[in-house]
Number of protein chains: 6
Amino acid sequence: MGFPELATMTTVEATTAVAAAPLVVLPVGAQEQHGPGMAMCTDTVRAEGVASRVVEGLAGRAVLAPALPYGVSPHHVAFAGTMSLTAATFQTMINELIDSLYDAGWRKILIITGHGGNAPALSVVAQDQLQLHPELWLAWSPITALAKPEIAQLDVTSVHGHSGQAETAQMQFLAPELVRDAELQPGTTEVSQLTGRARLSRSTLGPKLAVGFDSYHQGVLGDPRQVTAEDGKLIIDAVVDKITRFAQEMIMGD
Amino acid sequence: MGFPELATMTTVEATTAVAAAPLVVLPVGAQEQHGPGMAMCTDTVRAEGVASRVVEGLAGRAVLAPALPYGVSPHHVAFAGTMSLTAATFQTMINELIDSLYDAGWRKILIITGHGGNAPALSVVAQDQLQLHPELWLAWSPITALAKPEIAQLDVTSVHGHSGQAETAQMQFLAPELVRDAELQPGTTEVSQLTGRARLSRSTLGPKLAVGFDSYHQGVLGDPRQVTAEDGKLIIDAVVDKITRFAQEMIMGD
Amino acid sequence: MGFPELATMTTVEATTAVAAAPLVVLPVGAQEQHGPGMAMCTDTVRAEGVASRVVEGLAGRAVLAPALPYGVSPHHVAFAGTMSLTAATFQTMINELIDSLYDAGWRKILIITGHGGNAPALSVVAQDQLQLHPELWLAWSPITALAKPEIAQLDVTSVHGHSGQAETAQMQFLAPELVRDAELQPGTTEVSQLTGRARLSRSTLGPKLAVGFDSYHQGVLGDPRQVTAEDGKLIIDAVVDKITRFAQEMIMGD
Amino acid sequence: MGFPELATMTTVEATTAVAAAPLVVLPVGAQEQHGPGMAMCTDTVRAEGVASRVVEGLAGRAVLAPALPYGVSPHHVAFAGTMSLTAATFQTMINELIDSLYDAGWRKILIITGHGGNAPALSVVAQDQLQLHPELWLAWSPITALAKPEIAQLDVTSVHGHSGQAETAQMQFLAPELVRDAELQPGTTEVSQLTGRARLSRSTLGPKLAVGFDSYHQGVLGDPRQVTAEDGKLIIDAVVDKITRFAQEMIMGD
Amino acid sequence: MGFPELATMTTVEATTAVAAAPLVVLPVGAQEQHGPGMAMCTDTVRAEGVASRVVEGLAGRAVLAPALPYGVSPHHVAFAGTMSLTAATFQTMINELIDSLYDAGWRKILIITGHGGNAPALSVVAQDQLQLHPELWLAWSPITALAKPEIAQLDVTSVHGHSGQAETAQMQFLAPELVRDAELQPGTTEVSQLTGRARLSRSTLGPKLAVGFDSYHQGVLGDPRQVTAEDGKLIIDAVVDKITRFAQEMIMGD
Amino acid sequence: MGFPELATMTTVEATTAVAAAPLVVLPVGAQEQHGPGMAMCTDTVRAEGVASRVVEGLAGRAVLAPALPYGVSPHHVAFAGTMSLTAATFQTMINELIDSLYDAGWRKILIITGHGGNAPALSVVAQDQLQLHPELWLAWSPITALAKPEIAQLDVTSVHGHSGQAETAQMQFLAPELVRDAELQPGTTEVSQLTGRARLSRSTLGPKLAVGFDSYHQGVLGDPRQVTAEDGKLIIDAVVDKITRFAQEMIMGD
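Residues numbered from 1 in each chain as written. Chains lettered and ligands numbered in written order. Predicted model: local features only at pLDDT ≥ 70, side-chain atom pairs only at ≥ 80, totals over all residues. Heavy atoms only, no water.

A.B. asks: Describe in detail the overall build of chain A, supporting the description with residues and values.
C.D. replies: Each helix and strand counted, chain A has eight helices and five strands in total. In terms of C-alpha radius of gyration, chain A reaches 18 Å, essentially the compact-globule figure of 18 Å for 254 residues. Each of the three principal axes of chain A carries a C-alpha extent, and together these read 55 × 35 × 30 Å. For chain A, the residues scored as buried account for 67% of the 254 residues in total. (Helix = DSSP H or I, 4+ residues; strand = E, 2+ residues; numbered from the N terminus. Rg over C-alpha atoms; globule rule 2.2 N^0.38 Å. Buried < 20%, exposed > 50% of the residue type's maximum accessible area, 1.4 Å probe, protein only.)

This is the structure we're talking about:
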């Protein structure tokens, strides 16, 4: 690979990297259901895909840490093959990995999550680190949420999200071999298809109400069938561009 | 008081309430700095103010639980008088309070937070409850974020937020005795006043970067001086209306 | 109110208070059943009532922290409306709140509990703090136990305690609107009314045996019907006097 | 030994004991300083001494569990040789040991502590067990506190307690070889010898203030020099009698 | 890929796999220094290499879970690029991943660790699972320890181990691109090169004494220079054969 | 007793011992079934027996800490009288006891376990201490595993282990009064007596598979009937000799 990775480095090289590459980028994903047509590693693949492109674009000023393939997925445990950590464990784990990087001398860390379910725990980690290591710059980023303009250009259904148009497009671009085109099926595409708690969870009034994804048709939000690798490239390029610009400011800041 | 409160009820009355009032509303606040001109209980006051109005509007179909006056405020600990819980402790505490309500028979709980720093922990609680009590409807809501249209009508500075226009307006309406008008001062009002990490934390690119609020002028975002009780009433009314409508759907749902 | 409260102070005022008011008084209560005639916030009301009088008597040399309305009430969870924290969570929470006060510069803290069930956890916190912050003066105090002479003057039943004469008298004085006079009923008033485990739990031999309060008639120990606000004033005045004198020694000590 | 001990039993014998001996007695002690003249295992020796006599007196209706030689001693860690557990760890440990006894079929457990510092944690365990195993009769007992009348007959100094008259007398009776008579020295015997925080910690006003025992002369409260084995026998006999009578009621109760 | 992987499966396929493939194989590695000549992902690569061959050999009767790239490496944290979890966190994490698999219906799990430092935590997980899920067959296996006869055939130095002959040979076979041949250097090869604590840690008397790997030359035990991919193939084939035979018995057992 | 024990020392003597006796030896055992013929304290007795002999042989250069009579025994909980701690609790407890010794000035600690089930947790403690107290020499040792040559001389059955020949011989030597000769019975002595999971757990292929000891005949591995006190003396002498030599090197090292 053409960019620095902690996994494939030796420790001697890492010693050099602490000075040369002040930023560590850590991708975190999930092992969780993505409907009948997409692989369960989807979130990890996207986190790694974005993170490696960001690191590549930083031209030696950042290093990539190994992707964590497990995340916080309690809303998907009704689906076989989902493997979920509690948020508390995830938080502790990330805090400890940060400790190691900190002790080695790094002071800037950027976590990229391919899975929205990791976001609360990452926000908590950010709060914890404010007290544990106030001088550490700890940033974290989602992926899909950074591409709202690009996704708006796709002809998305009124309900879309998990395993829907935007996520499937990314996979068609990053790892088409992990998409079973013939198995792709629309999930819940309109609020009117929902009732009760699931319907209320899609309310735009403001309060948040969590539901298990077995409340949605096939565990999918949106229709993954029509999007293309080109769509995915637009999304990934936009996200990589934004995160890279952010990372450059992190690297230059003091 | 004109609405049912668990604090002032007897247990005999609570036994009746389990059947009559299927929803419990729990306000959570914070003890944290709010600049030189506003009391440190601001978030608790606003949480209670909104929650009691919501419960009142539900006409006996909901009960109010005692407001929790401490929250997750690691970003404010540099300011004297802030008292902060870790997110992990806050999560455990809320999960245990939910257990008690659940054991008594309630299946619908709505937490209203006056403090944004509690949001990650509340999201984690929602994830935990999906596994602990899948049939429990656990919703939570912020306050200010539900009043974007109303706040847009105020002539807000480009940077505004903690202890700024929207929050001060709410306090001018709910508890003007807790606002020291003469001490109100503008905090950071434009990104150009910031440098380094604090500036990057305001970036709109997408990644999130936490900073201590001692990075901002006076620990304040925005200019709290011009807003009025009328402004605050507009915000509170809008928020109460949205949450009440959401709560009504919770109560009716099954 | 005429005394300094952290809740209603600004952080600027708190900075001043660290020097002027070396003692922080923290009231802790409970949300728990108090029989058919008294509100569930009874312990919180009494803790706040005593704590605010103590702070008032210290004439600017102490500040009041926000009252915690939840405590350790596993012996009352069979009664609807009780909301209980585990002792472990309560301990952690109090330790963290102490951390915040300590970091702000306070070295003397006095916790006043209106609920006996919080006592073991507070004793543990005192042990923890001996190792965490050896130089911190951490004191804690019950309420009713400090008024034994005054309670002896009431014509109490041989069994009395939770929601009985002493506690009801305090509420008749502090918050008569939270006492439903017409609903007050005697609970268990003599050991002879008890059998088995509950009877043994009242033994005076020495060992302690905990029982759920559903073992007692109405969850009440004693007869709450005859006591008056004057009785309550005697108790509260005596308790406030003792704690205030203790607090004065804390403030002057070094 | 003339009484049933889980330590020296086989598991086959324990299976029989579950039915024949419905009560388990668990002694807990401490490894902590006891002044210049007494062994650091003093609390464990006394706990075992009392517990084994209680079990013996119950004539086959109770079994003795192995004594735990470590307790919660943060107030003694300034003295070499003290080994202390946190209260949280002690609580968890006792809860787990109870689980094992419960799973084997026992429903009545009596813990006897030779160390006052274990009392808060044991009270917490009692609270925890009310929720974990409501039908378990979990009692715990101190030792010296049960012999107030007998200790009053000794000519005790106005301050007496840890390693003082009552405790030394018990050791002169139970294990005189662990008392170095020539090294016994008076510790703090009057409040007037104390200043500041230590003096306040002896206040009788009511609030509790913990101090490290290095605040007291030699870490000792009272004068251990004049008491005899006969004094100790009086104390131990009285304590054993009270606990045995309590234990008999536990055994007979249902 | 020619064998079933949970990562690349859809959840629909996983539902089928629960019945068809009763065994889940979970590789766990480490991100830790491997001397100047080998990549820090070495243990993860070897765990995945062995696990995927085992799953392949089981012909559809087992599935592969995503490899965990972080392990328990406190003895390597002095080397930049090592990222270590505490054993407690690792234990909790594995227990939670097992929970997910168990809830989906799997009753047989085999964990393969490429890192010896994970062994104590995995042994603890095995103990935990005996109580949590007694009917679960949870096995775990090291790699190199299963190839003693094959390693004996290599001309190993008297001290060999971490990053030495056996491990380097495996990497020359599995991932030669991750070995920097020119950078390979001998580490500690004889006990006589060591002094003090490090020397004692190599004692064969029996007691175990842990040391940081910075006590060894280059953090390496043995001489990694002469071994070949053929040596590595002998080791890997032997290990895969043993684990596969064990796994077959797991699959057939009931 | 003819050797220094922390339990029977005074704190004054312990202060001297920190300098004179740089090593602390801590025995840890278990309360767990040992078949129909041996006492449940067997592991504690053997740990104390070995540890006291080691300390005695070190002639004043080491001190003995109180033996812990409870260990990690989840594989024995199906047998009445077993009392088991989780590994996590055991780890925390040992880490805290080490903290006390460390704070008193000791830098060398040797833990001797009579129970194999404590080994994983002790290995984890050793890992924890590498990060908590890198300069602490923390060693731990099993007992029986150090006497392989001596055990080979006994005419052992092909399966032997828990409560079998080696362990019974040790008890015949150390505490014959705790062996019920008439009740000793052979347990599982050959793999052919086992089926399914229990049989696979005895596999020599390499992977480890834990089973509850209720899978073995009488919870015993081997035939405890023929061994003698002389056999036990051979084993104990060999183990004590090895550990003592190791301990001497610890004491002299720096």
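Okay, back to it.
A.B. asks: For a positive patch on the surface, give the residues involved together with the corresponding values.
C.D. replies: Residues A:K148, A:K208, B:K148 and B:K208 make up a contiguous surface patch of positive charge. Structurally, the position occupied by A:K208 is in strand β5 (residues 208-209). (Patch = residues over 30% accessible without salt bridge, like charges linked within 9 Å, V, L, I, M, F, W, Y side chains within 5 Å. Areas by Shrake-Rupley, 256 points an atom, 1.4 Å probe, with all protein chains shown as cover. Salt bridge = Lys/Arg side-chain N within 4 Å of Asp/Glu carboxyl O. Lys, Arg positive; Asp, Glu negative; His and termini not counted. Charge placed at Lys NZ, Arg CZ, Asp CG, Glu CD.)

A.B. asks: Now, about the sheet that holds strand β2 (residues 62-64) of chain B: what can you tell me, with residues and values included?
C.D. replies: In spatial order, the strands read β5(A)-β4(B)-β3(B)-β1(B)-β2(B); together these five strands make up an open sheet with mixed pairing. Two strands lie at the open edges of the sheet, namely β5 of chain A together with β2 of chain B, each paired on one side alone. When strand β1 (residues 23-28) of chain B meets strand β3 (residues 108-113) of chain B, the two strands line up parallel, connected through six bridges. When the sheet's bridge partners are listed, B:P27 is paired in β3(B) with B:I112. (Pairing = 2+ DSSP bridges.)

A.B. asks: Give me the lowdown on the interface of chain F and chain E, citing residues and values where you can.
C.D. replies: At the interface, 45 residues of chain F touch 45 residues of chain E. Roughly 3800 Å² is buried in total at the junction of chain F and chain E, and carbon and sulfur atoms are behind 69% of that figure. Inspection of the chain F/chain E interface yields zero salt bridges. Where chain F packs against chain E, one counts eight residue pairs in polar contact (both at pLDDT 80 or more). Contributing elements (two or more residues each) for the side of chain F that touches chain E: α3 (87-104), α4 (119-132), β4 (137-141), α7 (196-201), β5 (208-209) and α8 (229-252) of chain F. Per-element tally for the side of chain F that touches chain E: the top contributor is α4(F), with eight residues. Alignment of strand β5 (residues 208-209) of chain E against β4(F), held across two bridges, turns out to be antiparallel. (Contact = heavy atoms within 4.5 Å. Buried area = accessible area lost by both parts, 1.4 Å probe. Polar contact = N/O pair within 3.5 Å; in protein donor to acceptor, adjacent residues only side chain to side chain.)

A.B. asks: Tell me about the side chain of D:Q127, residues and numbers included.
C.D. replies: As for its position among the elements, D:Q127 is in helix α4 (residues 119-132). By relative accessible area, D:Q127 is classed as buried at 10%. For D:Q127, the contacting residues outside a window of four places in its chain are C:V72, C:P74, C:A87, C:G117 and C:P120.

A.B. asks: Give me the nonpolar core: which residues, what numbers.
C.D. replies: Counting residues in hydrophobic clusters, the biggest one holds 228 residues, and the most contacted among them are A:L6, B:L6, C:L6, D:L6, E:L6 and F:L6. Leave out the neighbours within four places in its chain, and A:L6 touches A:A14, A:V24, A:V63, A:L64, A:A65, A:P66, A:L101, A:W106, E:Q31, E:M40, E:G81 and E:M83. (Core = buried A, V, L, I, M, F, W, Y, C linked by side-chain atoms within 4.5 Å.)

A.B. asks: Can you break down the interface of chain E and chain A residue by residue, with the values?
C.D. replies: Contact with chain E, which involves 46 residues of that partner, is made by 46 residues of chain A. Across the chain E/chain A interface, buried area totals approximately 3500 Å², and carbon plus sulfur atoms make up 65% of it. On the chain E side of the interface with chain A, the three residues burying the most area are E:T11, E:Y70 and E:M83, jointly 16% of the side's total. Taking the shortest distance from any N to any O, the salt bridge between E:E13 and A:R180 comes out at 2.9 Å. In this assembly, chain E and chain A are joined by 22 residue pairs in polar contact (both at pLDDT 80 or more).

A.B. asks: Report on the sheet that holds strand β1 (residues 23-28) of chain E, specifying residues and quantitative values.
C.D. replies: Sheet architecture is open: five strands sit in the order β2(E)-β1(E)-β3(E)-β4(E)-β5(F), paired in mixed fashion. If you trace the sheet from one side to the other, it starts and ends with β2 (62-64) of chain E together with β5 of chain F, each paired once. Its contacts with the sheet put helix α2 (residues 42-57) of chain E on β1, β2 and β3 (108-113) of chain E, and the angle it makes with β1(E) is roughly 160°. (Axes fitted to C-alpha atoms, helices over the stretch in contact; angles between N-to-C directions.)

A.B. asks: Which residues make up the arrangement of the chains, and what are the values?
C.D. replies: Regarding chain A and chain C, the two do not touch, and the least distance separating their C-alpha atoms is 11 Å. Looking at chain A next to chain F, you find no contact at all, with the nearest C-alpha pair sitting 11 Å apart.

A.B. asks: Pulling in residues and values, what's your account of the relation of the copies chain F and chain E?
C.D. replies: In the superposition of chain F on chain E (RMSD 0.0 Å, axial shift 0.0 Å), the rotation amounts to 180°. These values place the two chain copies in the arrangement generated by a two-fold rotation axis. Residue F:P120 of chain F places its C-alpha closer to the rotation axis than any other residue of that unit, at 2.3 Å. Interface overlap between copies is the fraction of interface residues in one copy that are interface residues in the other; for chain F against chain E it reaches 100%, indicating a shared surface. (Least-squares fit on C-alpha atoms with pLDDT ≥ 70 in both.)

A.B. asks: Lay out the relation of the copies chain E and chain A with the relevant residues and their values.
C.D. replies: The two chain copies are related to each other by a rotation about an axis together with a translation along it. Superposition record for chain E on chain A: RMSD 0.0 Å, screw rotation 180°, translation along axis 0.0 Å. The fraction of interface residues of chain E whose copies in chain A are also interface residues reaches 100%, indicating that both copies meet through the same surface.

A.B. asks: Please set out the packing of aromatic side chains residue by residue, giving values where relevant.
C.D. replies: Given two aromatic rings, one states the distance between the centres and the angle between the planes to describe the pair. Scanning the model with the defined rule gives six aromatic pairs over all chains in all. Seen in terms of ring centroids, C:F213 and C:Y216 are 5.0 Å apart; in terms of plane orientation they differ by 80°. Their pairing is edge-to-face. A cation over an aromatic ring shows up here: D:R107 above the ring of D:Y102, its NZ or CZ 3.6 Å from the ring centre. If you follow F:K208 out to its NZ or CZ, it ends over the ring of E:W140, 5.7 Å from the centre. (Phe/Tyr/Trp six-rings, centres within 6.5 Å; stacked < 30°, edge-to-face > 60°. Lys NZ or Arg CZ within 6 Å of the ring centre and 35° of its normal.)

A.B. asks: Give me the lowdown on helix α3 (residues 87-104) of chain A, citing residues and values where you can.
C.D. replies: Residue and element names in this part refer to chain A. Compared with the 26 Å implied by 1.5 Å per residue over 18 residues, the 26 Å span of α3 between its first and last C-alpha is a close match. Across the 18 residues that make up α3, a large majority, 13, are buried. Following α3 by one or two positions, G105 adopts a phi angle in the positive range, close to 120°. (Expected span 1.5 Å × (residues − 1).)

A.B. asks: An account of the pattern of salt bridges is needed here, citing residue identities and associated values.
C.D. replies: Residues and elements named next belong to chain A. Summed over all chains, the structure comprises 36 salt bridges over all chains. Put simply, R225 and D223 hold a salt bridge, and the shortest N to O gap is 2.8 Å. Linked through salt bridges whose partners overlap, the residues forming this network are D43, R46 and E167.

A.B. asks: Talk me through the side chain of E:S100; I want residue IDs and the actual numbers.
C.D. replies: For E:S100, the location among the structural elements is in helix α3 (residues 87-104). E:S100 sits in the buried class, given a relative accessible area of 10%. Look past the residues within four positions of E:S100 in its chain and what remains in contact with it is A:T82, A:M83 and A:S84.

A.B. asks: Which residues make up the pairing of strand β3 (residues 108-113) of chain C, and what are the values?
C.D. replies: All names here are of chain C. Taken across its six residues, β3 has six buried, putting it largely inside the fold. Of the two faces of β3, the one lined by K108, L110 and I112 and the one lined by I109, I111 and T113 are each fully buried. With five bridges connecting them, β3 and strand β4 (residues 137-141) associate as parallel partners. Looking across to β4, one finds that L110 is bridged to A139. Assessed by its sense of winding, the connection that carries the chain from β3 through helix α4 (residues 119-132) to β4 is right-handed. (Right-handed = clockwise from strand over helix to strand, strands pointing away.)

A.B. asks: Describe the state of the cysteines, and please don't skip the residues or the numbers.
C.D. replies: Here a disulfide denotes one covalent bond, and it connects the sulfur atoms of two cysteines. Summed over the entire model, instances satisfying the criterion amount to zero disulfides over all chains. D:C41 takes part in no disulfide bond, and the closest cysteine sulfur, belonging to F:C41, lies 18 Å away. On the basis of relative accessible area, F:C41 is assigned to the buried category, the value being 9%. (Disulfide = S-S within 2.5 Å.)

A.B. asks: Before we move on, could you go through the packing of helix α3 (residues 87-104) of chain C against α4(C) and cite the residues and values that matter?
C.D. replies: All names here are of chain C. Contact pair α3 / α4: the axes reach a minimum separation of 9 Å and the direction vectors enclose 45°. Viewed along their axes, α3 and α4 adopt a mutual orientation that is oblique. α4 is crossed by α3, and the crossing has right-handed handedness. Residue-level inspection shows A87, F90, Q91, I94, N95 and I98 of α3 in contact with α4, the latter providing A121, L122, V124, V125, D128, Q129 and L132. (Parallel < 35°, antiparallel > 145°, perpendicular 65-115°, else oblique. Left-handed = near helix turned anticlockwise from the far one by under 90°.)

A.B. asks: Give me the lowdown on unusual backbone geometry, citing residues and values where you can.
C.D. replies: All names here are of chain C. A positive phi angle, near 50°, is found at A59, a position not held by glycine. If you trace the backbone, A59 turns up in the loop between α2 (42-57) and β2 (62-64). Even without being glycine, Q218 reaches a positive phi, approximately 60°. Using a relative accessible area of 27% as the deciding quantity, one classes Q218 as partly exposed.

A.B. asks: Summarise the packing of helix α4 (residues 119-132) of chain E against α4(F); cite the residues concerned and give the values.
C.D. replies: Between α4(E) and α4(F), the least distance of the axes is 8 Å, while the angle of their chain directions is 140°. Comparing their axes, α4(F) and α4(E) come out oblique. Seen from above, α4(E) lies across α4(F) with left-handed handedness. Residue-level inspection shows E:P120, E:A121, E:S123, E:V124 and E:Q127 of α4(E) in contact with α4(F), the latter providing F:P120, F:A121, F:S123, F:V124 and F:Q127. Considered class by class, the residues forming the contact of α4(E) with α4(F) number six nonpolar, four polar and no charged. (Nonpolar A, V, L, I, M, F, W, Y, C, P; charged D, E, K, R; others polar.)

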